[in-house]
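The chain contents come next:
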Amino acid sequence: MTQLPTDISSIPSIDAPTLKRWLHDGAEIGLLDVREHGQYGEGHPFLAVSLPYSRLEAEAPRLLPRRGARLVAFDAGDGVAPRAAAALRALGYTDVHVLQGGAPAWRAAGYTLFAGVNLPSKTFGELAEHIHHTPRISATELADRQRGGDKLVVLDGRPYTEYRKMNIPGGICCPNGELALRVQDLVPDADTTIVVNCAGRTRSIIGAQTLIDLGVPNPVLALENGTQGWYLADLPLEHGSQRKYADAISGDALPVLRERAQALARRHGVVTVDAAQVREWLADAGRTTYLCDVRTEEEYAAGTLAGAQHTPGGQLIQSTDQYIGVRNARVVVADDEGVRAPVVASWLRQMGWDVYVLAEGVAADVAAPVPQVRLPAPPAIATADLAAALRDGAVFLDVRPGMAYRKAHIAGARWTIRPRMGALDLPADARVILLAADPSVAALAARELAEMGIAQVRVNLDGPQAWRGAGLPMEAGDDVPADEDCIDYLFFVHDRHDGNKAAARQYLAWETNLIHQIDEQERSIFRFPVHPDQD
């Protein structure tokens, strides 16, 4: 069995009521669900951030940039959290705790475990629709209007890669974070109705409401239930579409767009700060500051602020917990034209974040520290040498995602994942070949094996096509690993995109029910404006 690090016993544990109090005391906290993605998605606290143990050291520096932040590791009560906490300590994090008893203790204390992912963002979207009374259109009504030749444009608020998988016929890709900057180039006149859609609900609502709040003169509607609603209405979707916004923006339009965006940010209390202030914050050892570039992937790749994280604006709103791991931290957003960052900040402010716009944008003289984490790579083994290793009795461990293993794996290779490696019961002199898709996952799996006393480890990253080409025997199957063992895969979130109507219905029901599950403390994190018709 796995040999646990010697300092695990020194990691303090807290009970569920203490954690609940910490989550709402206004101080910084990172509640880290260190179970794998499937386990996390089946049920976790509302403000928990997914940081799977299988990837922990690779992802922690990005999610948790300040080593002194207050952190709590959360597991299934199965001992993974103490191991994760020890790994965090080894990275230099100094204020690390473990929830005693994990998820079962949280539930036993009377607190809710929420299914799904991106809970704060999804819940916020549902509340936004209720509070702003965002107008919507059903899939069947939209289809009827398209067939009738109505003047309308469908804008798909998802990233291009997601849009290309499936889209509403005629829809144009314009991710939500780009709407404020590019809508005028996509809509021919003020009489044209704009319909914003996404895969489900949140981005449809936020995208449509963004345009309404900006004062766009067109009629604007959110597509109810997005592409899933379209599919459930038995309407055809397009696949592989290439329509998208143009990269260029007319310089003549920018002053008006900038004033419109900044007026929106001011209405929501967003403050613009200069580079000197941000440099001071980044040097503050007592408070976490995130530096976020909200532009497109291509713009970010062409040049950004040193140490800035790429957080495309629409996705930052849609899935904030994938980018920001510490609640009550500062968030500084930047663009290069003064339109996208203020709009994104206006939404983050309503979501309860302490958010600021960087006045100089990505041209600022600002550099965020980039924590360096060295993950020593185990020695490689060439695909051409795998057959001989297999004949010589090497143990083949496949640490790729469970679903990838199901699709194709080398015959005789065993699927495993870092938190479960201790159950392999391997002898210390075992010669292990790790089959991986991600070098970081392979490095951390090798580290786990080393802690078990297994030092003879090599890795191959070439994948099934290369293995098959080398003549290695391959297998596939839908039941290994079994569903209950696929702890890295959340079935109902993913299967809704694969023709599974039951999964799509389950997902939409989950999404709309979120606002009925949160308690008053969880609801209080949001800062919606008060409308005249609200009490």
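Rules used in this analysis
- In every chain, residue numbers begin from 1 and rise along the written sequence.
- Local features in this predicted model are restricted to residues of pLDDT 70 or higher, and side-chain atom pairs are both shown and tallied only at a pLDDT of 80 or more, whereas totals for entire chains, interfaces and linings draw on every residue.
- Note: side-chain values were computed over all heavy atoms of the structure, leaving out hydrogens and water.
- Relative accessibility thresholds used throughout: buried, under 20% of the residue-type maximum; exposed, over 50%; partly exposed, between the two (1.4 Å probe, protein chains only).
- Secondary structure is summarised from DSSP: a helix means a run of H or I of at least four residues, a strand means a run of E of at least two, and numbering begins at the N terminus for each.
- In this scheme, strands are said to pair when DSSP sees at least two bridges between them.
- The contact definition used throughout considers only heavy atoms, calling two residues in contact when any of these lie within 4.5 Å.
- The axes are straight lines fitted to the C-alpha atoms, using for helices just the contacting stretch, and the angles between their N-to-C directions are given from 0 to 180°.
- Oblique is the label for every angle not falling under 35 degrees (roughly parallel), over 145 degrees (roughly antiparallel), or within 65 to 115 degrees (roughly perpendicular).
- A crossing counts as left-handed when the near helix is turned anticlockwise from the far one by less than a right angle, and as right-handed when that turn is clockwise.
- Any residue that is not Ala, Val, Leu, Ile, Met, Phe, Trp, Tyr, Cys, Pro, Asp, Glu, Lys or Arg is counted as polar, Gly included; the first ten are nonpolar and the last four charged.
- For our purposes a nonpolar core is just a set of buried Ala, Val, Leu, Ile, Met, Phe, Trp, Tyr and Cys residues, chained together by side-chain atoms within 4.5 Å.
- The term salt bridge refers to a pairing of a side-chain nitrogen on Lys or Arg with a carboxyl oxygen on Asp or Glu at a separation within 4 Å.
- Domain boundaries shown here were taken from an automatic or database domain assignment.
- The term buried area means the drop in 1.4 Å probe accessible area that two parts suffer when joined, counted for both and summed.
- Here a polar contact is recorded for every N or O atom pair within 3.5 Å, except that within protein the pair must consist of a potential hydrogen donor and a potential acceptor, and residues adjacent in sequence are included only if both atoms are side-chain atoms.
- UniProt positions are given in the numbering used here, feature names are shortened, and annotations may be inferred rather than shown by experiment.

Where an unreviewed UniProt entry is consulted, the chain appears under the name Sulfurtransferase, with the organism given as Bordetella genomosp. 11.

K.L.:
Can you break down the pairing of strand β19 (residues 431–435) residue by residue, with the values?
P.N.:
Most of β19 is tucked away, with four of its five residues classed as buried. Relative to β19, strand β16 (residues 395–398) runs parallel, the two sharing four bridges. Directly across from Val395, in β19, lies its bridge partner Val432. Pairing analysis gives five bridges linking β19 to strand β20 (residues 456–460), with the strands arranged parallel.

K.L.:
Describe in detail the side chain of Thr202, supporting the description with residues and values.
P.N.:
Structurally, Thr202 can be placed in helix α10 (residues 202–214). Looking at Thr202, the relative accessible area reads 2%, which means it is buried. Those residues in contact with Thr202 that lie beyond four places of it in its chain are Ser121, Lys122, Gly125, Gln318 and Glu511.

K.L.:
Describe the packing of helix α6 (residues 119–132) against α10, with residues and values.
P.N.:
At their nearest, the axes of α6 and α10 sit 9 Å apart, and the two run at 45 degrees to each other. Here α10 runs oblique to α6, going by the angle between their axes. Along this stretch, α6 crosses α10, giving a crossing that reads as left-handed. Each of Ser121, Lys122, Phe124, Gly125, Glu126, Ala128, Glu129 and His132 in α6 lies in contact with α10, whose residues at this interface are Thr202, Ile205, Ile206, Gln209 and Asp213. When its residues are assigned to classes, the contact of α6 with α10 shows four nonpolar, five polar and four charged.

K.L.:
Lay out the nonpolar core with the relevant residues and their values.
P.N.:
Counting 109 residues, the largest nonpolar core has Leu19, Leu64, Leu88, Ile194, Val333 and Leu348 as its most contacted members. The element that contributes the greatest number of residues to this core is helix α4 (residues 80–90), accounting for seven residues. Leu88 has contacts with Leu32, Leu56, Ala60, Leu64, Leu71, Tyr93 and Val96, leaving out every residue within four places of it along the chain. Grouped together as the second largest cluster of nonpolar side chains are 19 residues, Val399, Leu426, Ala436 and Ala442 included.

K.L.:
Outline unusual backbone geometry, listing residues and values.
P.N.:
Look at the link from Val480 to Pro481: it is a cis peptide, with omega at -5 degrees. Relative to the elements of secondary structure, Pro481 occurs in the loop between β21 (474–475) and α21 (491–495). Phi at His133 is positive, roughly 55 degrees, even though this residue is not glycine. Within the secondary structure, His133 is located in the loop between α6 and β6 (136–137). Classification of His133 as exposed rests on a relative accessible area of 52%. Positive phi, normally seen in glycine, also occurs at Asn328, with a value near 70 degrees. Locating Asn328 in the fold gives a position in the loop between α15 (313–318) and β14 (330–334). Assessed through its relative accessible area of 24%, Asn328 is described here as partly exposed.

K.L.:
Describe in detail the sheet that holds strand β18 (residues 414–415), supporting the description with residues and values.
P.N.:
Spatial ordering of the open sheet is given by β18-β16-β19-β20, a layout of four strands whose pairing is parallel. Here the strands that pair on one side only, and so sit at the sheet edges, are β18 and β20. Here two bridges tie β16 to β18, and the two strands are oriented parallel to one another. Pairing of Leu397 across the sheet is with Arg414, part of β18. Helix α19 (residues 439–451) contacts β16, β19 and β20 of the sheet and is inclined by roughly 155 degrees relative to β19.

K.L.:
Residue-level account of the pattern of salt bridges, with values.
P.N.:
This structure, assessed with the given rule, holds 40 salt bridges. Between Glu126 and Arg201 there is a salt bridge, and its shortest N-O distance comes to 2.7 Å. Taken together, the residues Glu126 in helix α6 and Arg201 in the loop between β9 (193–197) and α10 connect sequence positions 75 residues apart. Where Arg418 meets Glu448, a salt bridge forms, and the shortest distance between an N and an O atom there is 3.0 Å. Placement of Arg418 in the loop between β18 and β19 and of Glu448 in helix α19 is noted, with a sequence separation of 30 residues between them. This pair shows no difference in class: Arg418 is buried, exactly as Glu448 is. If you follow the salt bridges from partner to partner, you end up with Glu178, Arg182, Asp293, Arg295, Glu299, Asp336, Glu337 and Arg340 in one network.

K.L.:
An account of the sheet that holds β9 is needed here, citing residue identities and associated values.
P.N.:
As summarised here, the arrangement of the five strands in space is β6-β10-β9-β7-β8, forming an open sheet in which the pairing is parallel. Strand pairing shows two members of the sheet lacking a second neighbour, β6 and β8 (172–173), which therefore form its edges. With three bridges connecting them, β9 and strand β10 (residues 220–223) associate as parallel partners. By the bridge assignment for β10, Val196 is matched with Ala222. Running at roughly 175 degrees to β10, α10 makes contact with β9 and β10 of the sheet.

K.L.:
Tell me about helix α3 (residues 56–63), and name the residues and values.
P.N.:
Burial analysis of α3 places six of its eight residues in the buried class, which makes it a mostly covered element. Within the span of α3, buried status applies to Leu56, Glu57, Glu59, Ala60, Pro61 and Leu63. Buried residues along α3 sit in contact with β3 (49–50), α4, β12 (289–293) and α19.

K.L.:
Can you explain the domain arrangement of the chain? Please cite residues and give values.
P.N.:
The domain architecture assigned to the chain consists of domain 1 (13–117), domain 2 (123–242), domain 3 (268–363) and domain 4 (383–485). Here the C-alpha centroids of domain 1 and domain 4 sit 28 Å apart. Summing both sides of the interface, domain 1 and domain 4 together bury roughly 860 Å²; the carbon and sulfur share of this comes to 52%. Area buried by domain 1 at its contact with domain 4 is led by Tyr53, Ser54 and Glu57, which between them contribute 47% of it. Here Arg83 makes a salt bridge to Glu451, at a shortest N to O gap of 2.3 Å. Linking domain 1 with domain 4 are seven residue pairs in polar contact (both at pLDDT 80 or more), by the criterion used here. At the level of elements, α3 and α4 are the ones that each hand at least two residues to the side of domain 1 that touches domain 4. Here the side of domain 1 that touches domain 4 takes three residues from α3, the largest share from any one element.

K.L.:
Provide a residue-level description of the UniProt feature "domain: Rhodanese" (unreviewed entry) in the chain, including the pertinent values.
P.N.:
Residues given the UniProt feature "domain: Rhodanese" (unreviewed entry) here are residues 31–115, 148–239, 293–374 and 390–476. The span residues 293–374 shows a helical share of 28% and a strand share of 16%, and its end C-alpha atoms are spaced 25 Å apart. Segment residues 390–476 splits into 31% helix and 23% strand. End C-alpha atoms: 18 Å apart.

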